[in-house]
Amino acid sequence: MCGIFAYLNFNVSRERSYILRLLFNGLRRLEYRGYDSAGISIDYAHEASTAPLVFRQEGNIETLVKSVYQEVGATNLNLEESFSTHAGIAHTRWATHGEPAPRNSHPQTSDPENQFLVVHNGVITNYEVLKETLVRHGFTFESETDTEVIPKLAKFIFDNANEEGDKSMTFSQVVLEVMRHLEGAYALIFKSQHYPNELIACKRGSPLLLGVKELTEQTSNGASFNDVKYLSSNGQPKEFFFSSDASALVEHTKKVLVIEDNEVVHLKVLLTVTKLYSIIMLVTIVPLTIKLTSNIVEQINKGEYEHYMQKEIHEQPESLTTSMRGRLLRGGSCKAKSVLLGGLKDHLKTIRRSRRIVFIGCGTSYNAALASRPILEELSGIPVTMEIASDLLDRQGPIYREDTTIFVSQSGETADTLLALEYALENGALCVGITNTVGSAIARNTHCGVHLNAGCEIGVASTKAYTSQIVVMVMLALAIGGDTLSSQARREAIIDGLFELPSKVKEVLKLDEEMKELAKLLIAEQSLLVFGRGYNYSTALEGALKVKEVSLMHSEGMLAGEMKHGPLALVDETLPVVVIATHDTCFSKQQSVIQQLHARKGRLIVMCTKGDAASVCVGGSCRVIEVPQVEDCLQPVINIVPLQLLAYHLTVLRGYNVDQPRNLAKSVTTQ
Ligand code: UD1
Ligand code: M6R
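Nothing here was measured: the structure is a model prediction, and the numbers come from that model.

### Overview of the nonpolar core
Then step 1. Phe 359, Met 475, Leu 498 and Leu 501 are the most contacted members of the largest nonpolar core, which totals 87 residues.
Then step 2. If you tally residues by element for this core, the top one is helix 15 (residues 464-481), at 13 residues.
Then step 3. Residue-level mapping places this core at the junction of two domains, with at least three residues from each of domain 2 (302-509) and domain 3 (510-659).
Then step 4. Not counting the four nearest positions on each side in its chain, Met 475 is found in contact with Ser 323, Met 324, Arg 327, Leu 328, Val 339, Leu 341 and Leu 498.
Then step 5. Listed in part, the 31 residues of the second largest apolar core include Leu 134, Ala 154, Ile 200 and Cys 202.

### Observations concerning the packing of helix 3 (residues 127-136) against helix 4 (residues 149-163)
Then step 1. The contact between helix 3 and helix 4 brings their axes to 10 Å, and the two run at 45°. It follows from the interaxial angle that helix 3 and helix 4 lie oblique. Crossing hand, helix 3 versus helix 4: left-handed. Residues Tyr 127, Leu 130, Lys 131 and Leu 134 of helix 3 form the contact with helix 4, whose participating residues are Val 149, Lys 152, Leu 153 and Phe 156.

### Comments concerning the packing of aromatic side chains
Then step 1. Throughout the structure, instances matching the rule amount to nine aromatic pairs.
Then step 2. Judged by centre distance (6.4 Å) and plane angle (40°), the rings of Phe 5 and Phe 241 are tilted. With Phe 5 in strand 1 (residues 3-10) and Phe 241 in strand 12 (residues 238-243), this residue pair connects regions lying 236 residues apart in the sequence.
Then step 3. Its relative accessible area of 0% is what places Phe 5 among the buried residues.
Then step 4. Overall, Phe 241 belongs to the buried group, its relative accessible area being 0%.
Then step 5. Three or more aromatic residues joined by ring pairs make a cluster, and in this case those are Phe 116, Phe 158, Phe 171 and Tyr 195.
Then step 6. Over the ring of Tyr 18 we find Arg 14; its NZ or CZ atom is 4.4 Å from the centre of that ring.
Then step 7. Taking NZ or CZ as reference, Arg 330 lies 3.9 Å from the ring centre of Phe 499, over its face.

### With respect to the sheet that holds strand 27 (residues 622-627)
Within a sheet, neighbouring strands are paired by backbone hydrogen bonds and run either parallel or antiparallel to one another.
Then step 1. One open sheet holds the five strands; their spatial order is 24-23-25-26-27, and the pairing between them is parallel. In the strand order of this sheet, the two ends are held by strand 24 (554-559) and strand 27, each with one partner. Along the sheet, successive strands turn relative to each other by an average axial angle of 20°, direction set aside.
Then step 2. Here strand 23 (residues 527-532) pairs with strand 24 via six bridges, running parallel. Bridge pairing in strand 24 places Gly 532 opposite Leu 559.
Then step 3. Contacting strand 23, strand 25 (576-581), strand 26 (603-609) and strand 27, helix 19 (residues 587-599) runs over the sheet at an angle of about 160° to strand 25.
Then step 4. The strands touched by helix 21 (residues 635-654) within the sheet are strand 23, strand 25, strand 26 and strand 27, with strand 27 carrying the most contacts at an inclination of about 130°.

### Section: the layout of surface pockets
Then step 1. Empty space within the largest pocket amounts to approximately 1400 Å³.
Then step 2. Every residue lining the largest pocket is counted, 48 residues in all, and those nearest its centre are Gly 205, Ser 206, Pro 207, Gly 343 and His 451.
Then step 3. Elements with a minimum of two residues in the lining of the largest pocket: strand 8 (116-124), strand 10 (199-204), strand 21 (430-435), helix 14 (441-445) and strand 22 (448-451).
Then step 4. Sorting elements by how many residues they give to the lining of the largest pocket places strand 22 first, with four residues.
Then step 5. Taken together, the residues that form the lining of the largest pocket break down as 18 nonpolar, 19 polar and 11 charged.
Then step 6. Split by domain, the lining of the largest pocket shows at least three residues from each of two domains, domain 1 (3-298) and domain 2 (302-509).

Analysis parameters
Residues numbered from 1 in each chain as written. Chains lettered and ligands numbered in written order. Predicted model: local features only at pLDDT ≥ 70, side-chain atom pairs only at ≥ 80, totals over all residues. Heavy atoms only, no water. Core = buried A, V, L, I, M, F, W, Y, C linked by side-chain atoms within 4.5 Å. Buried < 20%, exposed > 50% of the residue type's maximum accessible area, 1.4 Å probe, protein only. Helix = DSSP H or I, 4+ residues; strand = E, 2+ residues; numbered from the N terminus. Domains from an automatic or database assignment. Contact = heavy atoms within 4.5 Å. Axes fitted to C-alpha atoms, helices over the stretch in contact; angles between N-to-C directions. Parallel < 35°, antiparallel > 145°, perpendicular 65-115°, else oblique. Left-handed = near helix turned anticlockwise from the far one by under 90°. Phe/Tyr/Trp six-rings, centres within 6.5 Å; stacked < 30°, edge-to-face > 60°. Lys NZ or Arg CZ within 6 Å of the ring centre and 35° of its normal. Pairing = 2+ DSSP bridges. 1 Å grid on protein atoms, 1.4 Å probe; cavity = no way out; pocket = protein on both sides within 12 Å on 5 of 7 lines; lining within 4 Å. Points joined across faces, edges and corners; volume = space filled by probe spheres on them. Nonpolar A, V, L, I, M, F, W, Y, C, P; charged D, E, K, R; others polar.

As structure tokens, then:
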């Protein structure tokens, strides 16, 4: 996994060879996290006008070290040259966007002159929109990374300010402007030719630490940034280290500060007579000064689509890919395919020992958890129970220290889910978050968790977050389940299924027109029932939720096994009923449900696996929605897509607001 290390010496003479050794050593300390390429940047000369040097290599640290010394030898760069102040940055990369290759390694750069350089841990979920904007402004990209937009955006902001005559923009102002445009999880270090001997660090959702050596006794472990400002009145030589992992700092200093989300730490020489060193903490966002107007971004955001819900449904192949990036390991000649969830790695043992796993959420997030429950039970062998957050609170249901509670929330801010989290924390359970919103209350207050990285979801009806939630929870089941030999074939089949899932979703999206036609048929109906079971009970609940919340048509999702215990009384030749009957262990039971509905002259719409149309409609006529088959636990991801499309088209045809349905809000922050 990615690792960040940076070193800045102030007022203490360090030779170039020393700085290189220190940076390489920092990278070696991060090696244990796993990586596939690495890079560093140091200064070429003392003069501000010279471009910093960047070295990047695929492979291990030693390959990088060898290539750096070779290049240094070839250019006659003096290794003995001393710098009294120098800022160096380094990075180990775990490929997510683009293969392991020097061009995709970090530091990523703004231009051939390396005016702005960035090392990055995390995932920028809106990089495509930013890239498109920057390309329109003449930038050319050399990597496939999400990171490359960051230094280029910094240069764009810097150049714009200069063109407008604002020569006084500080490095931290540039970075704050950059941050305003970034979505996703990240830890970043910036180095710039325009701000020599300065470093900026900032983060949102990804860990980052600052270590300070040779501090006076007044700044101690865990000191607040107000305490650190004390450094500005102190001219003593110092060394500063940034790292994403404490293991790279401990050999240098015990004085470590944990940087918080949305904080910007700026290391810079104060240009005063005394040339003191200062750490400046900036938490305020400076006003926007560049011409990246929100309607340009908005336009690009919606792209060719008329509504956000429509766009979000259609971008699911990409959002699913992003949710899985860097987390699925293909295995090799002697290695098994596996899953790596960095945020849970250190907690897996505790989770495996828990007496019970409790999923807690509301609405769509609850449905996604329900879809993932069977596979989690199967792979972990741990009992999994389901809680709707408000109901858990109403009952004050039992939660124990031996429980692992998993809080599922797209926004990370839903009041009921948050109160349930508070309740679980009070009761001593391990609290795991699964959220799409970096820095949200759920992400901050859980002990550990997984970000969905599905990109910002704007439509009130949750679509792409739902499918990413299922995929993340299937990966979670694989991670908790461990690597027992007996389940290896099953696990590998699921991992293969995950790799193929985005292309299968692309295939099912081709049903768009067919769903529009179906919507035309259903436009005047009062009600729609959806029957599902097993993995697809969740599809029935979620499909009905989508239809009712946006198209304002009454719709109920029901467990097919319960049909004869009441709902069957509703069935006649007029009421449309959707039956989910794709191939899995419940298939034959669903066939019998279909026959029973036919016997009552039910008006059936059957969702089945491609090629099964003839066999599912035995005993009467029905309309069929054929979908591609995937691994059973992933089938809910495929099956929900036609129902999302149906809900969307019904809403547009009925003339209602798709993105902001009546009476609803995206984030329900009251009880
Ligand atoms: C990390 C990197 C990513 C890299 C991946 C490779 C970050 C943000 N992400 O992702 O660049 O591609 O490794 O495997 O650096 N957390 C909570 N509660 C929540 C959600 C998250 O506590 O509800 C915590 C996690 O425990 C973790 C941190 O937030 O400590 C980041 O989570 P996540 O983005 O999911 O991390 P990784 O998947 O490890
Ligand atoms: O942000 P959350 O996932 O916690 O939100 C939970 C529900 O409010 C949400 O899923 C709601 O049901 C959606 N509007 C459904 O599309």
